[in-house]
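# Secondary and tertiary structure notes
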Amino acid sequence: MTYEATPAPGWYPDPHGSGALRWWDGTRWSDQLAAAPSPYTAPQRRRPLDPATPIFTVWIWLVVAIPGLSACLLFLLQPQVLFREIPGTSRVTISDPFALIGGPMYFVVIGLNWLLTAAFVVFSWLDYRELLRRGVERPFHWAWSFLGIVYPIGRSVVVRGVAAGRGLAPIWVAIGVYALTLIVSMIWVIRLAAEIIGTATMNIPAGA
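Residues numbered from 1 in each chain as written. Predicted model: local features only at pLDDT ≥ 70, side-chain atom pairs only at ≥ 80, totals over all residues. Heavy atoms only, no water.

The next subject is the side chain of Ser 124. Along the polypeptide, Ser 124 turns up in helix 2 (residues 104–133). The class of Ser 124 is buried, set by a relative accessible area of 0%. The contact partners of Ser 124, leaving out residues within four places of it in the chain, are Val 63, Trp 142, Ser 145 and Tyr 151. (Helix = DSSP H or I, 4+ residues; strand = E, 2+ residues; numbered from the N terminus. Buried < 20%, exposed > 50% of the residue type's maximum accessible area, 1.4 Å probe, protein only. Contact = heavy atoms within 4.5 Å.)

The structure is reproduced here in structure tokens:
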């Protein structure tokens, strides 16, 4: 013969269906009721930082500067557009398939861009680690750096919440750098197009 063990004394869901908790004294249900815990709990607030705690690191400034450095690499590409004239026609063709992108320098720029991308992630991790060391609870995670500008924005919002409104400067710097990057890229594209058109015009046979 087997015997079922009785539950230990404690609060359990009311077997009478009230939706509350009822006290079980180990032998019987009592008349004591307690509210059931809510399944929705408010998110735990981060502990405020000491006002004297510095909130900016050298790493976050490197993070926001990297996109601008990446854009400047475009000017390492010096497109030397080479055209070949087709006799008897006004048509011209490109004689060097790498002429438009500057030949081997193109691959150098691609490699440097990969290095800058890796540096962006590493610097974000170093910034995250430093914020932890300075007492910021649950800083914005460095893995968001794989999405570019998301990390400095999220980081600034979290820091502002624990530093009495301080900490938004990286957002504005990041936005400014990205705007500058767009302008630099447009200038480079316009310059490249003008050079291609000018070279093509010079190579069209006279009288064509």
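This is not the end of the story, as more comes after the structure.
The next point concerns the layout of surface pockets. Each pocket or cavity is described by its volume, and for the largest pocket that value is around 200 Å³. Ile 66, Pro 67, Thr 117, Phe 120 and Tyr 178 are, among the 13 residues lining the largest pocket, the residues nearest its centre. Within the residue set of the lining of the largest pocket, elements represented by two or more residues are helix 1 (58–72), helix 2 and helix 4 (169–202). Counting residues per element, the lining of the largest pocket draws most heavily on helix 2, at 5 residues. Partitioned by chemical class, the residues of the lining of the largest pocket number 7 nonpolar, 6 polar and no charged. (1 Å grid on protein atoms, 1.4 Å probe; cavity = no way out; pocket = protein on both sides within 12 Å on 5 of 7 lines; lining within 4 Å. Points joined across faces, edges and corners; volume = space filled by probe spheres on them. Nonpolar A, V, L, I, M, F, W, Y, C, P; charged D, E, K, R; others polar.)

Once that is clear, we can look at the packing of aromatic side chains. Tallying each qualifying case throughout the model produces 5 aromatic pairs. Seen from their ring centres, Phe 56 and Trp 61 are 5.3 Å apart, and the 45° between their planes marks the pair as tilted. Their ring planes at 40° and their centres at 6.2 Å tell us that Phe 140 and Tyr 151 sit as a pair that is tilted. Here Phe 140 is found in the loop between helix 2 and helix 3 (150–162), whereas its partner Tyr 151 is found in helix 3, with 11 residues between them in sequence. Here Tyr 151 falls in the buried class, since its relative accessible area comes to 0%. Grouping aromatic residues by their ring pairs yields a cluster made of Phe 140, Trp 144 and Tyr 151. (Phe/Tyr/Trp six-rings, centres within 6.5 Å; stacked < 30°, edge-to-face > 60°.)

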